[in-house]
Amino acid sequence: MIRVLVNGAAGRMGSEVVRSVLAEDGLELCGGVDIGAAGKDLGEVIGIGHNGMTIDKTLEEAFAKGKPDVIVDFTSPKVIYENAKYVLENGVNIVIGTTGLTAKQREELAGIAQKTGANGLVAPNFSLGAVLLMKVSAEISKYMPNAEIIELHHNHKYDAPSGTAKLTAEKMAAARTMEPEADETKESLSGVRGGKYEGITIHSVRLPGYVAHQEVLFGGYGEILTLRHDSLDRKSFMPGVMLACKKCMTVKGFVYGLENYLE
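My aim in this report is to walk through the structure given alongside it, one point at a time. The structure presented is a predicted model; accordingly, all values stated were derived computationally and were not measured.

So, about the nonpolar core. Core analysis: the largest hydrophobic core is formed by 34 residues, its most contacted members being Val4, Val17, Val72, Leu121, Phe126, Val241 and Leu258. Of all the secondary-structure elements, those providing two or more residues to this core are strand 1 (2-7), helix 1 (12-23), strand 2 (27-33), helix 2 (42-46), strand 3 (70-73) and helix 8 (238-247). Ranked by the residues each element gives to this core, the list is headed by helix 8, at five residues. Excluding anything up to four places from it in sequence, Val72 contacts Val4, Leu5, Val6, Asn7, Val17, Val95, Val241 and Cys245. One finds Leu59, Val92, Ile96 and Ala118 within the second-largest nonpolar core, a separate group that totals 21 residues.

What follows deals with the side chain of His203. Inspection of the secondary structure puts His203 in strand 8 (residues 200-206). There is a polar contact of 2.7 Å between the side chain of His203 and the side chain of Glu148. Those residues in contact with His203 that sit more than four places away from it in its chain are Glu148, Ile149, Ile150, Glu151, Val192, Arg193 and Gly194.

In spatial order, the strands read 2-1-3-4-5-11; together these six strands make up an open sheet with parallel pairing. On the outer flanks of this sheet lie strand 2 and strand 11 (254-256), each paired with one strand and no other. Taken pair by pair, the neighbouring strands of this sheet meet at an average axis angle of 20°, ignoring direction. As defined by bridge partners, strand 1 adjoins strand 3 across four bridges and the pair is classed as parallel. Each bridged residue has a counterpart across the sheet, and for Val4 the counterpart in strand 3 is Val70. Against the sheet, helix 4 (residues 80-89) engages strand 1, strand 3, strand 4 (93-96) and strand 11, with an angle of about 160° to strand 4. Contacts from helix 5 (residues 103-116) reach strand 5 (120-122) and strand 11, with the element oriented near 150° to strand 11.

Reading guide: rules and limits
Residues numbered from 1 in each chain as written. Predicted model: local features only at pLDDT ≥ 70, side-chain atom pairs only at ≥ 80, totals over all residues. Heavy atoms only, no water. Core = buried A, V, L, I, M, F, W, Y, C linked by side-chain atoms within 4.5 Å. Buried < 20%, exposed > 50% of the residue type's maximum accessible area, 1.4 Å probe, protein only. Helix = DSSP H or I, 4+ residues; strand = E, 2+ residues; numbered from the N terminus. Contact = heavy atoms within 4.5 Å. Polar contact = N/O pair within 3.5 Å; in protein donor to acceptor, adjacent residues only side chain to side chain. Pairing = 2+ DSSP bridges. Axes fitted to C-alpha atoms, helices over the stretch in contact; angles between N-to-C directions.

Structure representation (structure tokens):
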């Protein structure tokens, strides 16, 4: 059994992870950490009834009870780097769904992981459908270099653009074999054309009612190709998270993107 500790256990994603770990063969929930719900019964907080497992305030408190095999972190961009650094320095594997890590920080964490022998994954999106959309978008970019991304999320999301949109743009830019045509549009309202990342325009929508959605629009001569993925419920991310918990035990290194764990 792989012992899993969930950091951010009382949050929307964290509580879903807790429920999924409890139901997953081969995984054993060994605790939860959440500064806002510390001292409370984990089962009661996530709505499954009293289970006798008290939520810890910090990772240090949880580790004092015994180290897990893997940490799943869905906390905040403000604390994710220090969280990951602490976990890896203690030789524990980590699965990160929290956004906000810079490329430099990921490189630094990879160096720590190499020294301690711990493994880790940072995934902007754990949905298998979203990962496939990225893969297909990169392939299409070889032949249709003119493209834009529209990503739509709930209005409580911390960052814009989403990590998924940025990773999609990175993969598309790397796959391009032709230069896109110049955009001759002049903005009459600053920012209305979105933001450029890796040479690809990204538009971010934040509204109540959305969960996680992304469109990639390709324009060609007399034709348009549109790809769209919709996560309608946070349960859509759980198969990917459960897979990551198992794969990080054997896949060496600190990697970026769930596709690294797909066979």
